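Observations on the model geometry
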Amino acid sequence: MSWGTELWDQFDNLEKHTQWGIDVLEKYIKFVKERTEIEISYAKQLRNLSKKYQPKKNSKEEEEYKYTSCKAFLATLNEMNDYAGQHEVISENMTSQITAELARFVQELKQERKSHFHDGRKAQQYIETFWKQLEASKRRFERDCKEADRAQQYFEKMDADINVTKADVEKARQQAQIRHQMAEDSKAEYSSILQKFNHDQREHYHTHIPNIFQKIQEMEERRIVRIGECMKTYAEVDRQVIPIIGKCLDGITKAAESIDQKNDSLLVIEAFKSGFEPPGDIDFEDFTQPMKRTVSESSLSNSRWDGKSEPKPGSKSKGKLWPFIKKNKLSLKLITLNTQVWNLIEGGGPEDFSNLPPEQRRKKLQQKVDELNKEIQKEMDQRDALTKMKDVYIKNPQMGDAASVDHKLAELGQNMEKLRLEAQKFEGWLAEVEGRLPVRTEQSRRQSGMYDTQNTSGLNNCAQDRESSPDGSYTEEPSQESEMKVPVTEFDDEFDDEEPLPTIGTCKALYTFEGQNEGTISVMEGEMLYVIEEDKGDGWTRIRRNEDEEGYVPTSYVEVYLDKNAKGAMTYI
């Protein structure tokens, strides 16, 4: 069905309908634009929500995320961030593929519609003007005919009247002839205009108008097709992100399934375990004996709290009142105070964390060792980078002065040495806490001279003199100090009596090392030596030059070639 044939007389209605179609397109554009704004706002709110519940750096919240449930929650926040990103993708795609495209299409449609209806109005105006000419010609022909009839009747009347002169009759006859000629001319003009009008009218209603209306119909159908395509695109944009949104939801599900309640329970134990033993049984105090009542070690006058008295040497430690007994209010207050001190050790506690319970102290020391090892690795990376830069400067002097890097390399070397010594110091304390080594061990021999001179008093006062008692208090008893210390001479003799360790490989000194500290050995660059003990993770390797000379050197100073047949040997450089 064609608008040109079926709606030939509905020019005004077609004009209104096509304008309505453009309004529908603009309404749909507005709808999609508001949808994109909603998507952007929703994505922004999701991102703000995710950011709001993210753990703050260097805060207590960050420590809480070691639990699997908190890790799962953090994973959920991250997935929600990605989920928000997909809504931003929806907004961007709808804006570029629908809103922008439809806006351009509407502008083109308006121009095309304006052109078509302009042509239609022009054709309409032409046929209307021609119709007016036809009507004018018709009226003029009608008027001339009437005038010719009146002139003819007047002539006949004059001709029949005997009283009228011949000249008047002749004049009336001539006037009638003139009127008849004018009527004939008007008739011919009217007939010509009528024929032309009929021809143009047929062209107008059967050719021009149908062509124009056909173009308008095609334009309108393109509009309908385009809005349908945009609706499909609207759905496809949503469908494209569904797999990614599904992955986000799968990630949240996977994070939820990774929650391990048993592991979280173990983490609670690790976080709060003090390492103390539960209190023993309370001794019976017999008040029926006719003797002076013996002061019980579990009473409130116990000198372990106030330091006024000491237990007898060699006596076994008796059970203490645990602070859960209501009458022991003073003990409860003291335990609470000690707990507060443990929680505030980072605000100014001893360097070796000796004011903490054993398990908490071990964790703090391990954490400190890990931090120092990270710092050492960072310095090593910087040194390697500078070394490569120096090599480039040596090969290409125009790029820079190689000597300018030496000062920084020397500074990095000093920093690394300080960090290694500091790490060894904390590793020594950690070894004591874990019970892997006595107070004075070969590990401590590898400590720097600075550590031996500056921190010996700290070790004696913190790590050795102050030992934890089962009731949560700390004592400063010389007897316990003597029990925990191992004499240096005795250990040295025991070490010297051991058989020499077997050789497990060889090594080449990469740099010169001055072994000035106890337990170390000096080496020269390029020197070949024997390896008798590989690096245990503390940054030191034990080597031997001959039967009488052996000691430790930094692992980074040597290139090690371990014998594959040696027991427990590993090949590395």
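Residues numbered from 1 in each chain as written. Predicted model: local features only at pLDDT ≥ 70, side-chain atom pairs only at ≥ 80, totals over all residues. Heavy atoms only, no water.

Quick look at the overall build of the protein now. What the protein contains, in helices and strands, is 15 helices and 7 strands. Summarising the internal contacts of the protein: among those between residues at least 6 apart in sequence, 69% fall at separations of at least 24. Here the protein displays about 36,600 Å² of accessible surface, and carbon together with sulfur accounts for 53% of that area. (Helix = DSSP H or I, 4+ residues; strand = E, 2+ residues; numbered from the N terminus. Contact = heavy atoms within 4.5 Å. Areas by Shrake-Rupley, 256 points an atom, 1.4 Å probe, with all protein chains shown as cover.)

With that settled, consider the packing of helix α2 (residues 11-52) against helix α4 (residues 68-160). Their axes nearest at 8 Å, the elements α2 and α4 cross at an angle of 165 degrees. On the basis of the axis angle, α2 is roughly antiparallel to α4. Of the two elements, α2 crosses α4, and the hand of that crossing is left-handed. Of the residues in the contact of α2 with α4, the class split is 24 nonpolar, 12 polar and 10 charged. (Axes fitted to C-alpha atoms, helices over the stretch in contact; angles between N-to-C directions. Parallel < 35°, antiparallel > 145°, perpendicular 65-115°, else oblique. Left-handed = near helix turned anticlockwise from the far one by under 90°. Nonpolar A, V, L, I, M, F, W, Y, C, P; charged D, E, K, R; others polar.)

Our next topic: the packing of aromatic side chains. The tally for this structure, following the rule as stated, stands at 14 aromatic pairs. A centroid spacing of 5.9 Å and a plane angle of 10 degrees characterise the contact between Phe141 and Tyr190, whose relative ring orientation is stacked. Note that Phe141 is positioned in helix α4 and Tyr190 in helix α5 (residues 166-257), a separation of 49 residues in sequence. As far as the burial class goes, Phe141 and Tyr190 line up, both buried. Taking 5.6 Å as the distance between ring centres and 75 degrees as the angle between the ring planes, the aromatic pair formed by Phe513 and Tyr557 counts as edge-to-face. Pair noted here: Phe513 is in the loop between β3 (505-509) and β4 (528-533) and Tyr557 is in the loop between β6 (550-554) and β7 (558-562), with a separation of 44 residues, a long-range link. (Phe/Tyr/Trp six-rings, centres within 6.5 Å; stacked < 30°, edge-to-face > 60°. Buried < 20%, exposed > 50% of the residue type's maximum accessible area, 1.4 Å probe, protein only.)

Side chains that carry opposite charge are capable of pairing whenever their charged atoms lie near each other. Evaluated as defined, the whole model comprises 23 salt bridges. A salt bridge links Asp238 to Arg35; its shortest N-O distance comes to 3.1 Å. On the criterion of sequence distance, the pair formed by Asp238 in helix α5 and Arg35 in helix α2 is long-range, its members being 203 residues apart. Asp238 sits in the partly exposed class, given a relative accessible area of 22%. Residue class for Arg35 comes out buried when judged on its relative accessible area of 15%. The partner of Arg222 in a salt bridge is Glu112, and the shortest N-O contact between them spans 2.3 Å. Of this pair, Arg222 sits in helix α5 while Glu112 sits in helix α4; the two residues are 110 residues apart in sequence, bridging distant segments of the chain. (Salt bridge = Lys/Arg side-chain N within 4 Å of Asp/Glu carboxyl O.)

Right, let's talk about the packing of α4 against α5 for a bit. The relative placement of two packed helices is expressed as an angle between their axes plus a distance between the axes. Between α4 and α5, whose axes approach to 6 Å, the crossing angle comes to 170 degrees. When the axis of α4 is compared with that of α5, the two are roughly antiparallel. Each residue belonging to the contact of α4 with α5 can be placed in one class, and the counts come to 49 nonpolar, 18 polar and 24 charged.

Further remarks concern helix α6 (residues 261-272). Given a rise of 1.5 Å per residue, 12 residues ought to cover 16 Å, and the 17 Å separating the end C-alpha atoms of α6 matches this to within 8%. Along α6, the positions that sit buried rather than exposed are Asp264, Leu267 and Ala271. Burial along α6 is one-sided: seen end-on, the buried residues are contained in an arc of 55 degrees. Taken together, the buried residues of α6 touch α4 and α9 (358-395). Between the side-chain oxygen at the start of α6 and the backbone nitrogen of Lys262 there is a gap of 3.1 Å, and the oxygen is on Asp260. (Expected span 1.5 Å × (residues − 1). Arc of directions from axis to C-beta. Polar contact = N/O pair within 3.5 Å; in protein donor to acceptor, adjacent residues only side chain to side chain.)

Read from one edge to the other, the open sheet built from 5 strands follows the order β6-β5-β4-β3-β7, with strand pairing classed as antiparallel. The open sheet has two edge strands with one neighbour each: β6 and β7. Strand-to-strand twist of the sheet, defined as the mean angle between neighbouring strand axes without regard to direction, takes the value 40 degrees. Note that β4 and strand β5 (residues 540-544) share 3 bridges and pair antiparallel. Each residue of the ladder has a partner; that of Glu533, found in β5, is Arg542. (Pairing = 2+ DSSP bridges.)

Right, let's get into the pairing of β5. Summarising burial for β5: 5 of the 5 residues are buried, a large majority. Between β4 and β5, which follow one another and run antiparallel, lie 6 residues, and Gly537 among them has a positive phi close to 105 degrees. Judged from the 5 bridges that link them, β5 and β6 form a sheet pairing that is antiparallel. Looking at the pairing, Trp540 lines up with Pro554 of β6. Once β5 ends, the chain turns through 5 residues before running back antiparallel as β6.

The next subject is the confidence of the model for the protein. Mean pLDDT over the protein: 77, with 76% of residues reaching 70 or higher. α2 holds the highest mean pLDDT among the elements of the protein, 94, whereas helix α14 (residues 478-484) holds the lowest, 36. In the model, residues 292-347 has pLDDT below 50 throughout and makes 68 contacts with residues more than four positions away in sequence or in other chains. Low pLDDT, under 50, characterises residues 436-497; the predicted model gives this stretch 119 contacts beyond four residues in sequence or across chains. (pLDDT = per-residue confidence, 0-100.)

On the surface, Leu49, Tyr53 and Phe73 cluster together to form a nonpolar patch covering roughly 280 Å² of accessible area. You can see Leu49 is positioned in helix α2. The exposure class assigned to Leu49 is partly exposed, which follows from its relative accessible area of 45%. (Patch = residues over 30% accessible without salt bridge, like charges linked within 9 Å, V, L, I, M, F, W, Y side chains within 5 Å.)

The next point concerns α9. The periodicity of an α-helix, 3.6 residues per turn, causes residues three or four positions apart to be oriented the same way. Taking 1.5 Å per residue, 38 residues should reach 56 Å; α9 reaches 55 Å between its end C-alpha atoms and fits that length. Every buried residue of α9 is accounted for by Glu359, Gln360, Arg361, Leu365, Val369, Leu372, Ile376, Glu379, Arg383, Leu386 and Tyr393.

Turning our eyes to something else, we now look at the side chain of Glu559. For Glu559, the location among the structural elements is in strand β7. The buried charged residue Glu559 lacks any salt bridge partner; its closest oppositely charged side chain belongs to Lys508, at an N-O distance of 5.7 Å. Engagement of the side chain of Glu559 in a polar contact is seen with the side chain of Tyr561, the distance being 3.0 Å. (Lys, Arg positive; Asp, Glu negative; His and termini not counted.)

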